Amino acid sequence: MAAKVEIYTWSSCPFCIRAKALLNRKNVEFTEYCIDGDNEARNLMADRANGRKSLPQIFIDDQHIGGCDDLHALESQGKLDPYFTLTKNMAAKVEIYTWSSCPFCIRAKALLNKKNVEFTEYCIDGDNQARNLMADRANGRKSLPQIFIDDHHIGGCDDLHALERHGKLDPLLAV
């Protein structure tokens, strides 16, 4: 399910054009409300945008993102794509075996949480039987964490982050 993206614009606004260009480069479908001279529409937009009347104003899944600069700031920080690619409603089956105090486990879970991915965590602190079951699924690997997406063994924390760096994680997570 794609994110619902809405953008309020004026036809000749350079910031509106710049924001739409970024969305188009990312192949994001959006609904444009061109409100040239329509004060009623502008007031409606301002109500949704916490009083902001400048253009453009951008909303993703009814969440106010802000204007052109805000959109580009999210992009430069690497925080824009998750708005478009993942929601709590669309996620693959993700399982992660952890120990509660393992820094690699914490780092792997932080990445999944940052991407709004729901996952099942099996905390196997000191449970050798559970660790052996995990190793059977993980081709003999006993290090933690071990991560599975749709029952496919991904590997550990470094493997998960490598998939993310190479742009291969989101396609695995989106169903």
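Coordinates for the structure precede this section.
Here we summarise the structure given alongside this text. Nothing here was measured: the structure is a model prediction, and the numbers come from that model.

This part is about the overall build of the protein. Counting its regular elements, the protein contains 8 helices and 8 strands. Taking 175 residues into account, the globule formula puts the C-alpha radius of gyration at 16 Å, and the protein, at 21 Å, lies well above it. With respect to the principal axes defined by its C-alpha atoms, the protein has extents near 70 × 25 × 25 Å. Sorting the 175 residues of the protein into buried and exposed places 42% on the buried side. Within the protein, contacts between residues at least 6 apart in sequence are counted, and of these 55% link residues at least 24 apart. Positive and negative charge centroids in the protein, built from 22 and 25 side chains respectively, lie 5 Å apart.

It is worth spelling out the sheet that holds strand E1 (residues 5–9) at this point. Taken together, 4 strands build an open sheet; the order of strands is E2-E1-E3-E4 and the sheet is mixed. Two strands bound the open sheet, and with one partner strand each, they are strand E2 (31–34) and strand E4 (63–66). Put simply, the sheet's adjacent strands are angled 25° from each other on average, direction ignored. Of the strand pairs in this sheet, E1 and strand E3 (residues 57–60) are connected by 4 bridges, and their pairing is antiparallel. Bridge pairing in E3 links Glu6 to Phe59. Each of E1, E3 and E4 is contacted by helix H2 (residues 39–48), which is oriented at about 130° to E1, the strand it contacts most. Contacts from helix H3 (residues 68–76) reach E3 and E4 within the one sheet, and its direction differs from that of E4 by about 90°.

At a closest axis distance of 9 Å, the pairing of helix H5 (residues 103–114) and helix H7 (residues 157–165) adopts a crossing angle of 30°. Considered as vectors, H5 and H7 are oriented roughly parallel to each other. In the packing of H5 onto H7, the handedness of the crossing is left-handed. Together, Phe104, Arg107, Ala108, Leu111 and Leu112 of H5 and Cys157, Asp158, Leu160, His161 and Glu164 of H7 make up the contact between the two elements. In terms of residue class, the contact of H5 with H7 is made up of 6 nonpolar, 1 polar and 3 charged.

Two numbers describe how helix H1 (residues 14–25) lies on H3: the axes approach to 9 Å, and their chain directions differ by 30°. By the angle class used here, H1 and H3 are roughly parallel. Two packed elements cross with a definite hand, and for H1 against H3 that hand is left-handed. Together, Phe15, Arg18, Ala19, Leu22, Leu23 and Arg25 of H1 and Cys68, Asp69, Leu71, His72 and Glu75 of H3 make up the contact between the two elements. Counted by class, the contact of H1 with H3 contains 6 nonpolar, 1 polar and 4 charged residues.

Conventions adopted
- Residues numbered from 1 in each chain as written.
- Predicted model: local features only at pLDDT ≥ 70, side-chain atom pairs only at ≥ 80, totals over all residues.
- Heavy atoms only, no water.
- Helix = DSSP H or I, 4+ residues; strand = E, 2+ residues; numbered from the N terminus.
- Rg over C-alpha atoms; globule rule 2.2 N^0.38 Å.
- Buried < 20%, exposed > 50% of the residue type's maximum accessible area, 1.4 Å probe, protein only.
- Contact = heavy atoms within 4.5 Å.
- Lys, Arg positive; Asp, Glu negative; His and termini not counted.
- Charge placed at Lys NZ, Arg CZ, Asp CG, Glu CD.
- Pairing = 2+ DSSP bridges.
- Axes fitted to C-alpha atoms, helices over the stretch in contact; angles between N-to-C directions.
- Parallel < 35°, antiparallel > 145°, perpendicular 65-115°, else oblique.
- Left-handed = near helix turned anticlockwise from the far one by under 90°.
- Nonpolar A, V, L, I, M, F, W, Y, C, P; charged D, E, K, R; others polar.

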